[in-house]
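Structure at a glance
Take a look at the letters that make up each chain.
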Amino acid sequence: MPSNQQHLQHLYLRAGFGLLPEQLPTALQLPIHKHVEAIFSDSKSYQSLNLLNDNELRVVKLLFSDKEERKEMAMDALNRGRELNLLWMRQMAESKAGLREKMTLFWHGHFATRTLNAFFAQLQNNLIREKALGKFGDLLMSISKDPAMLQFLNNQQNRKNSPNENFAREVMELFTLGRGNYTETDIKEAARAFTGWGFNQQGEFVFRRFFHDTDLKTFMGKRGNWGGEDIIRMILDKRETAVFVTRKIYRHFVNNTPDKGIINELANIFYESEYDIGKLMNKIFTSDWFYSPKNIGSRIKAPVEYITQFRRQFGLQFEPENALLFIQKLLGQVVFYPPNVAGWAEGKNWIDSSTLMVRTLLPFSIMREIELPVEAKDDGDVNTEFLAQRNFRKLKATANWDALSKIASGSSEKEILEQLAAYLLQNKLSDANKQLILRNTPTANREAAVQFISLSLASLPEYQLC
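Definitions and cut-offs
Residues numbered from 1 in each chain as written. Predicted model: local features only at pLDDT ≥ 70, side-chain atom pairs only at ≥ 80, totals over all residues. Heavy atoms only, no water. Helix = DSSP H or I, 4+ residues; strand = E, 2+ residues; numbered from the N terminus. Rg over C-alpha atoms; globule rule 2.2 N^0.38 Å. Buried < 20%, exposed > 50% of the residue type's maximum accessible area, 1.4 Å probe, protein only. Areas by Shrake-Rupley, 256 points an atom, 1.4 Å probe, with all protein chains shown as cover. Contact = heavy atoms within 4.5 Å. Patch = residues over 30% accessible without salt bridge, like charges linked within 9 Å, V, L, I, M, F, W, Y side chains within 5 Å. Salt bridge = Lys/Arg side-chain N within 4 Å of Asp/Glu carboxyl O. Lys, Arg positive; Asp, Glu negative; His and termini not counted. Charge placed at Lys NZ, Arg CZ, Asp CG, Glu CD. Core = buried A, V, L, I, M, F, W, Y, C linked by side-chain atoms within 4.5 Å. Axes fitted to C-alpha atoms, helices over the stretch in contact; angles between N-to-C directions. Parallel < 35°, antiparallel > 145°, perpendicular 65-115°, else oblique. Nonpolar A, V, L, I, M, F, W, Y, C, P; charged D, E, K, R; others polar. Phe/Tyr/Trp six-rings, centres within 6.5 Å; stacked < 30°, edge-to-face > 60°. Lys NZ or Arg CZ within 6 Å of the ring centre and 35° of its normal.

Looking now at the overall build of the protein chain. The secondary structure content of the protein chain amounts to 23 helices and six strands. The C-alpha atoms of the protein chain give a radius of gyration of 24 Å, which matches the 23 Å a tight globule of 466 residues would have. Based on the C-alpha atoms only, the size of the protein chain along its principal axes is roughly 80 × 55 × 40 Å. Every one of the 466 residues in the protein chain was classed for burial, and the buried ones make up 55%. Total accessible area on the protein chain stands at roughly 20,500 Å², and carbon and sulfur atoms take up 50% of it.

Attention now goes to helix α17 (residues 323–331). Across the nine residues that make up α17, a large majority, nine, are buried. Listed as buried for α17 are Ala323, Leu324, Leu325, Phe326, Ile327, Gln328, Lys329, Leu330 and Leu331. Within two residues after α17, Gly332 carries a phi angle of roughly 95°, on the positive side.

This brings us to the environment of His252. Summarising the element assignment, His252 is placed in helix α13 (residues 239–253). Judged by relative accessible area, which is 7%, His252 ranks as buried. When residues no more than four places from it in sequence are discounted, the contact partners of His252 are Lys102, Phe106, Arg299, Glu305 and Glu346.

The omega angle of the peptide bond from Glu319 to Pro320 is -5°, so this bond is cis rather than trans. Here Pro320 shows up in the loop between β5 (317–318) and α17.

Here we take up a negative patch on the surface. A cluster of like negative charges, contributed by Asp66, Glu68, Glu69, Glu72 and Asp76, occupies part of the molecular surface. Mapped onto the secondary structure, Asp76 falls in helix α5 (residues 67–94).

Moving on, we get to the nonpolar core. In terms of nonpolar packing, the biggest core is built from 131 residues, with Trp107, Phe136, Met281, Ile284, Phe285, Phe314 and Leu457 touching the most fellow members. The element that contributes the greatest number of residues to this core is α17, accounting for seven residues. If we ignore the near neighbours within four places in the chain, the residues touching Phe285 are Leu11, Ala15, Val36, Phe40, Leu99, Phe253, Phe290 and Tyr291.

With their axes 9 Å apart at the nearest point, α17 and helix α18 (residues 353–367) run at an angle of 155° to one another. Taken as axis vectors, α17 and α18 run roughly antiparallel relative to one another. On α18, the residues that touch Ile327, Leu330 and Leu331 of α17 are Thr355, Val358, Arg359, Leu362 and Ile366. Residue classes in the contact of α17 with α18 are distributed as six nonpolar, one polar and one charged.

It is worth spelling out the side chain of Asn125 at this point. Here Asn125 is to be found in helix α7 (residues 118–131). Taking the relative accessible area as the measure of exposure, Asn125 reaches 2% and is therefore buried. When near neighbours in sequence (up to four residues on either side) are disregarded, Asn125 contacts Leu49, Trp88, Thr104 and Phe336.

The tally for this structure, following the rule as stated, stands at 26 aromatic pairs. Ring centres of Phe285 and Phe290 lie 5.4 Å apart, and the angle between their planes is 70°; this geometry places the pair in the edge-to-face category. Just as Phe285 is buried, Phe290 falls in that class too. With a centroid separation of 4.9 Å and an interplanar angle of 75°, the aromatic rings of Phe310 and Phe314 are classed as edge-to-face. Highlighted residues: Phe310 and Phe314, both in helix α16 (residues 303–314), separated by four residues, approximately one helical turn. Judged by its relative accessible area of 2%, Phe310 is buried. For Phe314, a relative accessible area of 0% corresponds to the buried category. Through pairs of rings, three or more aromatic residues link up here, namely Phe106, Trp107, Phe111, Phe136, Phe175, Phe253, Phe270, Tyr271 and Tyr275. Lying across the ring of Trp197, Lys145 places its NZ or CZ 5.3 Å from the centre.

Below, the structure written as C-alpha cells:
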C-alpha cells in the first residue's frame, strides 16, 4: 500500500515536476485536497516567455538580403530557438505555477508544431500557457489561427482554387476527433472552409477574403456556407472529441494503459462542462482511483519530465546551460522540435538500450564532469544535429546537497538510503539494489554518503518511473 508521502509525491509529479526537497517536511502536514487547491491556486498567475519582442525573420528582410546576410539571419534564428528552449526549460524547473507549465508541455506535444521562427514559437508557447487550463474550445480556436501552426500545416497556401488539406486533416485526426470519426469528404469540405486563413509578418491572424471559398459545403452531413469557425464548432459538438482528448490526457497524467470506464466518465464531465480543462484536471487529481497502487510509479518519465524533476530534486545548476540541449537530444525530446505533427510517442517509446544507458550514466557524469560515451541519434535534421556537436557535451552542474541532507536525517547509511529512496523513488527499492548501494557507499563522512546514495538512486531504472 503506498504511503502518504508517495501519494503526495505522486500528485506533485503528475500535476507538475515534483516537490522540492525543502518543501517535503511541511507538505506532509497537509491533506491531499489542500494540496490540490494550492496547486491550482499557484497556477493562476504565471510568467510568459519574453525573449523576443518582434519577428526578426520577416519575408521582406529575406527578399532584400544577399546570400551571406540570409545565412547570418538563419544562424541567428537557430540561436534564438536554442535560447528560447533553455528559457522554457528553466521556467519549468523554477516556476511556482508547476501545473500550468506541465499543461503547457502537454499541449505543446498535442499541438506539435515546428518553426524556424523563434518569435512565432514564442507566440504559440505563450498562447498555450495562457489557455492551458481554460476551455479546450478556446485553445483549439486560437491554435487554429496561430501563425506557427498555419505555417507548419501549409494553410497559408490554402486557397479557393487550390485547397490544401493538411490543416483540415490534422485538426480532426490528431487534435480532436481521431481516426474513424470523420470521412475523406469531411476533410475536403473542411479544407475549403479554412481557405483564406493566414497570418501577417507581425504574427497576427489574417482572414484573406479573396482567397476564401464562399460556396456551399457539406460537413458531417450538414450543408451550409461554412467558414473555419463553423467547422471547429461542429467538431466540438461531437462527443467523440471529448473522448479522444480525455483518453490522451488520461494516458499522460494517470496511466499509459487506458481504463475505458474511467475515461468515458471523465469525457462526459469534460463534454458537459463545455470542455473545461481545469475542471477535468481537478476531477482527476481529487479522485481516489488516481492514487491507486497501479497508477503510482507506473509511467516512464518523458525526457523533459526526467530532466526537470532531476533539476528540482537535486537543485541542479548547469554550467554552461547549453548542456541541457545536448541532454534533450540524447534522450529524444527537444522542446520546440517535435519529430512531426503527431508529436512525441510516449510510454515505452521513451526507452531503448541507448536512452536507458544515458539515463543511468547521467547523474554521476554530470556531477563528476565526465563526457558521456554515447552519440546522439542521427535523424537527418540540421537543427538537432547541431545539438549533438561536441561543444554541447560538457556536462557539469552543481547540486544543493544541503537540501537532500535534510531529507536524509538518519545517522546510519541504511537510514539515509531508506529516507532518500522514499523521496526519489515511487516504487520500492529492491533488496539487491539496496545491498549493492550500501556495499559501495563511502563511510568517511556523512556528506559523501548522502551524495553517493542520492546519485546511485537516480541512476537506477526505478528512477525512470513516476
